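Commentary on secondary and tertiary structure
Read off the chains here:
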Amino acid sequence: MTGQAMATLVIVMGTSGSGKSTVGSALSAALGCAFVDGDDLHPASNVDKMSRGQPLNDQDREPWLITIRRTGLELATSQTLASDALRNKEKSQSAKLAEVYETSRQSTSQIDLAAESSSIRAKPQPSQAHSNKHIAVIACSSLKLIYRRLLRGTIPSLTHPTASQPESQLPSDLQVIHIYLDLSKQLLEHRMSNRKGHFMKLDMLYSQLDTLQVPDEHKEFGVIKVKVESETTTDEIVKDAMDQLKQRGVI
């Protein structure tokens, strides 16, 4: 992707009840890019297991995490290619307009020439709405460091020998940013107790909290932390995330 923004997957992470899906959807709207809820990428066997109140193990999670990374790469890349195609089309159309103008300039009067020249100058420039089409947003719990490493692509599997070694070189095909929604246990319990029609149960929250390895934004690659209180609105969370993405040069 020489001369272009790098394909980027923004993962909104946290336990169940943290608001990953709501924030992820709102963030993607603010960025003007695609959003996928990671829960929708679980195989049926995982959903069935969680519906019975059984926590997932690493064997369950690994193919799911690999699917999330692949989906993010495909979305970010396909959007970039589509955006490039649109820009090329707009450039081609502009070139044709210029050619038509140059041809007509030789056979029109000065009055017609001035009017046509004004019309061509008024043609809109290529849309800036595609500036973040290199980004995709996915909501995913990403509870453990090793899960986040698999999503970043620095290890090929959860059991690979390099999983116990420090991260060094990041892959060049996809930049992965984790946005961690930081909520208190009490707030998560309150939200989960009032949640209806979701396969995740309150007991599963406690299992996730036990599993969670809170990301350290100072020691871990590509981590952004957003503190969420009971009164924090989705708009405020998105603004905080957007500000930090801008500070890091992602957008």
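Residues numbered from 1 in each chain as written. Predicted model: local features only at pLDDT ≥ 70, side-chain atom pairs only at ≥ 80, totals over all residues. Heavy atoms only, no water.

Details of the overall build of the chain
Check the secondary structure of the chain and you find eight helices and five strands. Scanning the chain from its N terminus toward the C terminus, one meets helices and strands in the order β-α-β-α-α-α-β-α-β-α-α-β-α. Sorting the 251 residues of the chain into buried and exposed places 41% on the buried side. Across the chain, contacts joining residues at least 24 apart in sequence account for 74% of those joining residues at least 6 apart. By element, 51% of the accessible surface of the chain is carried by carbon and sulfur atoms, the whole surface being about 13,400 Å². (Helix = DSSP H or I, 4+ residues; strand = E, 2+ residues; numbered from the N terminus. Buried < 20%, exposed > 50% of the residue type's maximum accessible area, 1.4 Å probe, protein only. Contact = heavy atoms within 4.5 Å. Areas by Shrake-Rupley, 256 points an atom, 1.4 Å probe, with all protein chains shown as cover.)

Considerations on the nonpolar core
In terms of nonpolar packing, the biggest core is built from 25 residues, with Leu27, Ile179, Leu181 and Val226 touching the most fellow members. The leading source of residues in this core is helix H8 (residues 234-247), at five residues. In this view, Leu181 contacts Val12, Met13, Ser18, Gly19, Lys20, Val23, Val226, Val228 and Ile237; residues no more than four positions away in its chain are not counted. (Core = buried A, V, L, I, M, F, W, Y, C linked by side-chain atoms within 4.5 Å.)

Some points on the packing of helix H6 (residues 185-193) against helix H7 (residues 202-211)
It is at 9 Å that the axes of H6 and H7 come closest, and there the two elements cross at 155°. In terms of orientation, H6 and H7 fall into the roughly antiparallel class. Here H6 and H7 pass one another in a crossing that is right-handed. Counted together, Lys185, Leu188, Glu189, Met192 and Ser193 of H6 and Leu202, Leu205, Tyr206 and Leu209 of H7 form the full contact between these two elements. Within the contact of H6 with H7, the residues separate by chemical class into six nonpolar, one polar and two charged. (Axes fitted to C-alpha atoms, helices over the stretch in contact; angles between N-to-C directions. Parallel < 35°, antiparallel > 145°, perpendicular 65-115°, else oblique. Left-handed = near helix turned anticlockwise from the far one by under 90°. Nonpolar A, V, L, I, M, F, W, Y, C, P; charged D, E, K, R; others polar.)

Focus on the packing of helix H1 (residues 20-31) against H8
The N-to-C vectors of H1 and H8 enclose an angle of 55°; their axes lie 10 Å apart at closest approach. Looking at the two axes, H1 sits oblique to H8. You can see that H1 and H8 cross each other, and the crossing is right-handed. When H1 is examined against H8, the residues Thr22, Val23, Ala26, Leu27, Ala30 and Leu31 are found in contact with a partner set consisting of Thr234, Ile237, Val238, Ala241, Met242 and Leu245. Split into classes, the residues belonging to the contact of H1 with H8 amount to ten nonpolar, two polar and no charged.

Things to note about the confidence of the model for the chain
Scored by pLDDT, the chain has a mean of 81; 75% of the residues are at 70 or more. This model gives residues 82-87 a pLDDT under 50, and the stretch forms five contacts once residues within four places in sequence are excluded. A low-confidence stretch, residues 89-130 stays under pLDDT 50, and its non-local contacts, those more than four residues away or across chains, total 16 contacts. (pLDDT = per-residue confidence, 0-100.)

Observations concerning the sheet that holds strand E4 (residues 175-182)
Pairing within the open sheet is parallel, and its five strands lie in the order E2-E3-E1-E4-E5. The sheet is open, and its two borders are formed by strand E2 (34-37) and strand E5 (223-227), each paired with just one other strand. Between one strand axis and the next, the sheet turns by 20° as a mean value, whatever way the strands run. Where E4 and E5 come together, five bridges link them in parallel fashion. What sits directly across from Leu181, in E5, is Val226. Its contacts with the sheet put helix H5 (residues 145-152) on strand E1 (8-13) and E4, and the angle it makes with E4 is roughly 145°. (Pairing = 2+ DSSP bridges.)

Details of helix H2 (residues 44-51)
The α-helix advances 3.6 residues per turn, and as a result positions three or four apart in sequence lie on the same side. Turning to H2, its buried residues number three or more, namely Asn46, Lys49 and Met50. Projected down its long axis, H2 shows its buried positions confined to an angular sector of 95°, all on one face. (Arc of directions from axis to C-beta.)

Details of the side chain of Lys20
Inspection of the secondary structure puts Lys20 in helix H1. One buried charged residue, Lys20, forms no salt bridge at all, with the nearest opposite charge on Asp39 at 5.9 Å. In this structure the side chain of Lys20 is engaged in a polar contact, spanning 3.3 Å, whose partner is the backbone oxygen of Gly14. In contact with Lys20, other than residues within four places in its own chain, are Val12, Met13, Gly14, Thr15, Ala139, Cys140, Ser141 and Leu181. (Lys, Arg positive; Asp, Glu negative; His and termini not counted. Salt bridge = Lys/Arg side-chain N within 4 Å of Asp/Glu carboxyl O. Polar contact = N/O pair within 3.5 Å; in protein donor to acceptor, adjacent residues only side chain to side chain.)

Observations concerning the pattern of salt bridges
Applying the stated criterion across every chain yields a total of ten salt bridges. By sharing partners, the salt bridges in this structure join Arg148, Arg149, Arg152, Glu167 and Glu220 into a single network.

Considerations on a negative patch on the surface
Together, Glu229, Glu231, Asp235 and Glu236 make up a region of like negative charge exposed at the surface. Topologically, Glu229 is positioned in the loop between E5 and H8. Residue classification places Glu229 among the partly exposed positions, given a relative accessible area of 37%. (Patch = residues over 30% accessible without salt bridge, like charges linked within 9 Å, V, L, I, M, F, W, Y side chains within 5 Å. Charge placed at Lys NZ, Arg CZ, Asp CG, Glu CD.)

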